[in-house]
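The primary structure of each chain is shown beneath.
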Amino acid sequence: MADEAPFQFLHNEVIQYIYKTAESGETENGRNITRLENMGFRVGQGLIERLTKDTARFKDELDIMKFICKDFWTCVFKKQIDNLRTNHQGIYVLQDNKFRLLSQLSAGNQYMEHAPKYLAFSCGLVRGGLSNLGVKSIVTAEVSVMPACKFQVMIQKM
Amino acid sequence: MAVCIAVIAKENYPLYIRSVPTQNELKFHYTVHTSLDVVEEKISAVGKALGDQRELYLGLLYPTEDFKVYGYVTNSKVKFVIVVDSSNTSLRDNEIRSMFRKLHNSFTDVMCNPFHNPGDTIQSKAFDGIVSGMMVQTG
């Protein structure tokens, strides 16, 4: 599929760009992840608006999460989430065994320290999508073995 | 054709409202504002077994002496309200439906515009054009 590569390249360049501008002293270093996350947030908001245009109204939170795992994930990452788990109290764990934005990185531990910056945008994407559907959340990601990745979504109760 | 078209944010403040200039604008604001209660009622019925309505189009919200008020709620809880003249009996449900659909498509384009800030009022010429096409032509 032709549209896969440009997104990956663009995503890599965005990260490069943000870290380059930070190096030249325009922003302090800790804010880079936040900037990436905020970018993702805005994109997620727009994207979910478009994707949910023709779907029926969601029944509940779980219904929304399923939509994120299936349709939303397929649209952005060309595959579905491999495993969705929940404690039914507002915590959801989305596991992707071959996360696309990490799949081009070496599978060993060599680039482990760089993983967070490749996940920040996606965290924002999920958080933005959920927020536009009226679900406030905190999304964090963790990697234990390289192309696999776990996103933890904590729903903030109003 | 519509006499008033409004877009209301999920926090229930107006994002866009336009009515035919010849008539009392305040009255339309009031009508739209009143309709929000009905919208709320219809959405909260979703998920309960009786009258489970999962379509985005809510249908006729309520008729008044002079107007009929139709509603539509997107998945992001943004509300569209269209007010039509009661005397206009030729307007079918399907036409209203397609008006909402057009409105929704155009709204999505606005939301995906990187220069638009979500939550701000809508200032888009394309959206204006779509709305103008659906309003009653006066004069």
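By the naming in an unreviewed UniProt entry, chain B is Trafficking protein particle complex subunit 2-like protein, taken from Scomber scombrus. According to the UniProt record, the Sequence similarities (unreviewed entry) comment for chain B reads "Belongs to the TRAPP small subunits family. Sedlin subfamily."

As recorded by an unreviewed UniProt entry, chain A carries the name Trafficking protein particle complex subunit 6B and is attributed to Scomber scombrus. On record in UniProt, under Sequence similarities (unreviewed entry), the comment for chain A is "Belongs to the TRAPP small subunits family. BET3 subfamily." Entered under Function (unreviewed entry) in the UniProt record, the comment concerning chain A runs "Component of a transport protein particle (TRAPP) complex that may function in specific stages of inter-organelle traffic. Specifically involved in the early development of neural circuitry, likely by controlling the frequency and amplitude of intracellular calcium transients implicated in the regulation of neuron differentiation and survival."

**Q** Tell me about the nonpolar core, and please be specific about residues and values.
**A** Ranked by size, the top nonpolar core spans 46 residues in total, and within it B:Val7, B:Val83, B:Phe107 and B:Phe127 carry the most contacts. Residue assignment for this core shows that the elements contributing at least two residues are β1 (2-8), β2 (14-19), α1 (25-44), β3 (57-63), β4 (67-73), β5 (79-85), α2 (93-111) and α3 (125-134) of chain B. The next biggest cluster of nonpolar side chains, apart from the first, holds 38 residues, and it includes A:Ile15, A:Phe67, A:Phe121 and A:Met146.

**Q** How would you sum up the confidence of the model for chain A? Please name residues and give values.
**A** Of all residues in chain A, 94% attain a pLDDT of 70 or more, and the chain-wide mean is 87. Of all helices and strands in chain A, the one with the weakest mean pLDDT is helix α1 (residues 4-23) of chain A (87), whereas strand β4 (residues 149-155) of chain A scores best (93).

**Q** Please provide a residue-by-residue account of the pairing of strand β1 (residues 83-86) of chain A, values included.
**A** Residues and elements named next belong to chain A. As judged from the 4 bridges shared by β1 and strand β2 (residues 91-96), these two strands associate in the antiparallel manner. Bridging across to β2, asparagine 83 finds its partner in glutamine 95. Following β1, the chain reverses through 4 residues before pairing antiparallel with β2; histidine 88 in that reversal takes a positive phi of roughly 60 degrees.

**Q** How would you summarise the pattern of salt bridges if you had to cite specific residues and measurements?
**A** Within this structure, the stated rule accounts for 9 salt bridges over all chains. Among the ionic pairs, B:Asp109 bridges to A:Arg50, the shortest N-O distance being 2.9 Å. On the criterion of chain membership, the pair formed by B:Asp109 in helix α2 and A:Arg50 in helix α2 (residues 31-51) is interchain, its members lying in two chains. By relative accessible area, B:Asp109 is classed as partly exposed at 43%. We classify A:Arg50 as partly exposed; its relative accessible area is 36%. A salt bridge links B:Arg101 to A:Asp54; its shortest N-O distance comes to 2.7 Å. Taken together, the positions of B:Arg101 in helix α2 and A:Asp54 in the loop between α2 and α3 (61-77) put the pair across two chains. According to the relative accessible area criterion, B:Arg101 is partly exposed, its value standing at 37%. Counted as one network, the salt bridges with shared partners bring together A:Lys79, A:Asp82 and A:Asp96.

Reading the values: rules and limits
- Residues numbered from 1 in each chain as written.
- Chains lettered and ligands numbered in written order.
- Predicted model: local features only at pLDDT ≥ 70, side-chain atom pairs only at ≥ 80, totals over all residues.
- Heavy atoms only, no water.
- UniProt positions renumbered as here; feature names shortened; annotations may be inferred.
- Core = buried A, V, L, I, M, F, W, Y, C linked by side-chain atoms within 4.5 Å.
- Buried < 20%, exposed > 50% of the residue type's maximum accessible area, 1.4 Å probe, protein only.
- Helix = DSSP H or I, 4+ residues; strand = E, 2+ residues; numbered from the N terminus.
- pLDDT = per-residue confidence, 0-100.
- Pairing = 2+ DSSP bridges.
- Salt bridge = Lys/Arg side-chain N within 4 Å of Asp/Glu carboxyl O.

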